[in-house]
Amino acid sequence: MIPFEDLLWVGYYAALAALVVAGLGLGVLHVLRGRSVATQLVVVGAATVLATISGIVVISLMMILNDHDRTVVLAVVTAAGLVAMAVSVLLGRRLVAANRVLVEAVRADRFRPPAVRLPAELAELSRELDAAYGRLAAAHEREQALEASRRELVAWVSHDLRTPLAGLRAMAEALEDEVVADAGTVHRYHARIRVETERLTEMVDDLFELSRIHAGALRLSRRRVALAELVEEAVAGTEALARAKGVRLRGDVAEGPPVRVDTGELGRALRNLVVNAIRHTPGDGTVQIVGEVGPDEARVTVSDACGGIPADDLPRVFEVAFRGEAARTPGGGAGLGLAIARGIVEAHAGRISVANEGPGCRFEVRLPLTGV
Ligand SMILES: Nc1ncnc2c1ncn2[C@@H]1O[C@H](COP(=O)(O)OP(=O)(O)O)[C@@H](O)[C@H]1O
Ligand SMILES: [Mg+2]
């Protein structure tokens, strides 16, 4: 039996020798830190074997082992060490191969997580890469959609602005050349030119607003305001139009806490909804605006008596330049009102939707109250 005290010394010297070798090993690993994991694993294996051997050498110097025993132990440790090294090399190769599979997957056009079983860390990396590629694809899609709508807008501008401009020019030329001379027609032309100019101004203004929305340049300056005030303003701004058409206009807001919105922008969105409702409601019909503030969202609905929007059109009414069949007459709107309304509502982190209901359709705006 070896005395306990000797055993302590053996442990002490063996640990010391192992620490020296481990220190050297760490130094080598530091130098090789840019190299393949396979190489680094071999270094780890070699350092482990060397640490063991150095321990044996140290204690044999202490004369605890005789020559015979030392040779036997060294042989066993060397054999075990060689096997361990071989295992390290094998493991290193597998890691390298797994990594290569991942690299190949990344190089492909569309990342697909490799079907082979990867080590946990690489599998996690693979999942993250998959998610990142998903986000990239979504961003690309969004950009393409934006580009398409931009192209649409340009096509729209060239068509819808040119037509009224051509009309204006024709009328101005007729007046200039005195082709029309009777006072009645001249007056009618002047009035027409004014109306068309106003409409074009509105269109250009809408176009500007829409381009700001699309560019994400809509800066909201929010302030606290009662929902009732917003609805009252929308009613006040459209009352004349309703009266001229013989449409009844009703605003109805329940008591509630104030909302924090950009009153100018949101007022514009509501006005667009109300103007549409009045335009599509026959005389003697009713347009009703209802507002209410719940615990976590405010809701404004605009209901009309338009007779319902065709089912095919329903999902498209908020698209840029979309106009229903009946609205595609010259002098009608440009199909920007609802796209603008949606842009403004979404800039407020809200949602806008439409559904057919009762004698007409109902547009609904929901605005979150939390986090604003
Ligand atoms: N209140 C409504 N009732 C029925 N149809 C509507 C209503 N509001 C919008 N629409 C349909 O949606 C289309 C797009 O509306 P909008 O973007 O405001 O453009 P515009 O009013 O210039 O036509 C309209 O042309 C119409 O077909
Ligand atoms: Mg409109």
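Residues numbered from 1 in each chain as written. Chains lettered and ligands numbered in written order. Predicted model: local features only at pLDDT ≥ 70, side-chain atom pairs only at ≥ 80, totals over all residues. Heavy atoms only, no water.

Student: What should I look at first to understand the site of ligand 1 in this one?
Tutor: Close to ligand 1 lie 19 residues; Asn-276, Asp-304, Gly-324, Gly-335 and Leu-338 are nearest. Gly-324 is positioned such that a nitrogen or oxygen atom in its backbone is 2.9 Å from an oxygen atom of ligand 1. Contacts to ligand 1 include Gly-335, whose backbone N or O atom sits 2.6 Å from an oxygen atom. Here ligand 1 has 530 Å² of accessible area as a free molecule, and 93% of this is covered by the chains. Here the shell around ligand 1 takes 3 residues from helix α7 (residues 263-280), the largest share from any one element. Class assignment of the residues belonging to the shell around ligand 1 gives a composition of 11 nonpolar, 6 polar and 2 charged. (Near = heavy atom within 4 Å. Polar contact = N/O pair within 3.5 Å; in protein donor to acceptor, adjacent residues only side chain to side chain. Areas by Shrake-Rupley, 256 points an atom, 1.4 Å probe, with all protein chains shown as cover. Helix = DSSP H or I, 4+ residues; strand = E, 2+ residues; numbered from the N terminus. Nonpolar A, V, L, I, M, F, W, Y, C, P; charged D, E, K, R; others polar.)

Student: Explain the pattern of salt bridges to me, please; I cannot follow it from the model alone.
Tutor: Any two side chains of opposite charge can pair if their charged atoms end up close together. Applying the stated criterion to the full structure yields 24 salt bridges. For the salt bridge of Glu-104 with Arg-107, the shortest nitrogen-to-oxygen distance reads 3.5 Å. Linking Glu-104 with Arg-107, this pair stays in helix α3 (residues 67-107), spanning 3 residues, or about one helical turn. You can call Glu-104 partly exposed: its relative accessible area is 44%. Across the salt bridge formed by Asp-206 and Arg-268, the nearest N and O atoms sit 2.9 Å from each other. (Salt bridge = Lys/Arg side-chain N within 4 Å of Asp/Glu carboxyl O. Buried < 20%, exposed > 50% of the residue type's maximum accessible area, 1.4 Å probe, protein only.)

Student: Just to check I follow, could you spell out a nonpolar patch on the surface for this structure?
Tutor: The grouping of Ile-2, Phe-4, Leu-7, Leu-8 and Ile-64 at the surface amounts to a nonpolar patch, some 480 Å² of accessible area in total. Among the structural elements, Leu-7 can be located in helix α1 (residues 4-31). (Patch = residues over 30% accessible without salt bridge, like charges linked within 9 Å, V, L, I, M, F, W, Y side chains within 5 Å.)

Student: Explain α3 to me, please; I cannot follow it from the model alone.
Tutor: The α-helix winds at 3.6 residues per turn, so residues separated by three or four positions along the chain end up facing the same way. Here α3 spans 58 Å end to end across 41 residues, near enough to the 60 Å set by a 1.5 Å rise per residue. Buried within α3 are the following residues: Val-77, Gly-81, Ser-88, Gly-92, Ala-98, Leu-102 and Ala-105. Tucked into the core, α3 has its buried residues touching α2 (37-61) and α4 (120-176). (Expected span 1.5 Å × (residues − 1). Contact = heavy atoms within 4.5 Å.)

Student: Please clarify how the packing of helix α5 (residues 183-214) against helix α8 (residues 337-347) should be interpreted in this entry.
Tutor: Any two packed helices are characterised by the angle at which their axes cross and by the distance between the axes. Between α5 and α8, the least distance of the axes is 10 Å, while the angle of their chain directions is 40°. The handedness of the crossing between α5 and α8 is left-handed. Residue-level inspection shows Asp-206, Glu-209, Leu-210 and Ile-213 of α5 in contact with α8, the latter providing Ala-339, Ile-340, Gly-343 and Ile-344. Taken together, the residues of the contact of α5 with α8 break down into 5 nonpolar, 1 polar and 2 charged. (Axes fitted to C-alpha atoms, helices over the stretch in contact; angles between N-to-C directions. Left-handed = near helix turned anticlockwise from the far one by under 90°.)

Student: How should the packing of aromatic side chains be read in this particular structure?
Tutor: When we look at a pair of aromatic rings, we describe it by the centre distance and by the angle of the planes. Per the stated rule, a full pass over the model turns up 5 aromatic pairs. Ring plane angle 85° and centroid distance 5.7 Å describe the contact between Trp-9 and Tyr-12, whose orientation is recorded as edge-to-face. With a gap of 3 residues between them, Trp-9 and Tyr-12 both fall in helix α1, about one helical turn apart. We classify Trp-9 as partly exposed; its relative accessible area is 41%. On the numbers, 5.7 Å between centres and 25° between planes, the contact of Trp-9 with Tyr-13 is stacked. Within this pair, Trp-9 and its partner Tyr-13 are both found in helix α1, separated by 4 residues, close to a single helical turn. Taking the relative accessible area as the measure of exposure, Tyr-13 reaches 31% and is therefore partly exposed. Ring pairs connect the aromatic residues Trp-9, Tyr-12 and Tyr-13, which therefore count as one cluster. (Phe/Tyr/Trp six-rings, centres within 6.5 Å; stacked < 30°, edge-to-face > 60°.)

Student: Is there a simple way to think about the side chain of Glu-364 in this case?
Tutor: Mapped onto the elements of the fold, Glu-364 is located in strand β7 (residues 360-368). Side chain to side chain, Glu-364 and Arg-299 meet in a polar contact 2.4 Å long. Every residue in contact with Glu-364, bar those within four places of it in the chain, is listed here: Arg-299, Val-300, Thr-301, Arg-351, Ile-352 and Ser-353.

Student: What am I meant to see in the packing of α7 against α8 here?
Tutor: Packing of α7 against α8 brings their axes to within 9 Å, and their N-to-C directions diverge by 145°. The handedness of the crossing between α7 and α8 is left-handed. Facing Glu-265, Leu-266, Arg-268, Ala-269, Asn-272, Leu-273 and Asn-276 of α7, the residues of α8 in contact are Gly-337, Leu-338, Ile-340, Ala-341, Ile-344 and Val-345. For the contact of α7 with α8, the class distribution of residues is 8 nonpolar, 3 polar and 2 charged.

Student: I keep staring at the environment of Val-58 and nothing clicks. Help me out?
Tutor: Mapped onto the fold, Val-58 is located in helix α2. Relative accessible area serves as the criterion here: at 23%, Val-58 is assigned to the partly exposed category. In the structure, Val-58 is positioned 277 residues away from Gly-335 in sequence and 90 Å away in space, judged by C-alpha atoms.

Student: Where do I start with the pairing of β7 in this structure?
Tutor: Taken residue by residue, a regular strand's side chains alternate between the two faces of the sheet. Bridge count for strand β5 (residues 297-303) against β7 is 7 bridges, and the pairing is antiparallel. Paired with Val-302 across the bridge in β7 is Phe-363. When strand β6 (residues 351-357) meets β7, the two strands line up antiparallel, connected through 7 bridges. Within β7, the residue paired with Ala-355 across the bridge is Arg-362. Two successive antiparallel strands, β6 and β7, enclose a turn made up of 2 residues, where Gly-358 displays a positive phi of approximately 60°. (Pairing = 2+ DSSP bridges.)

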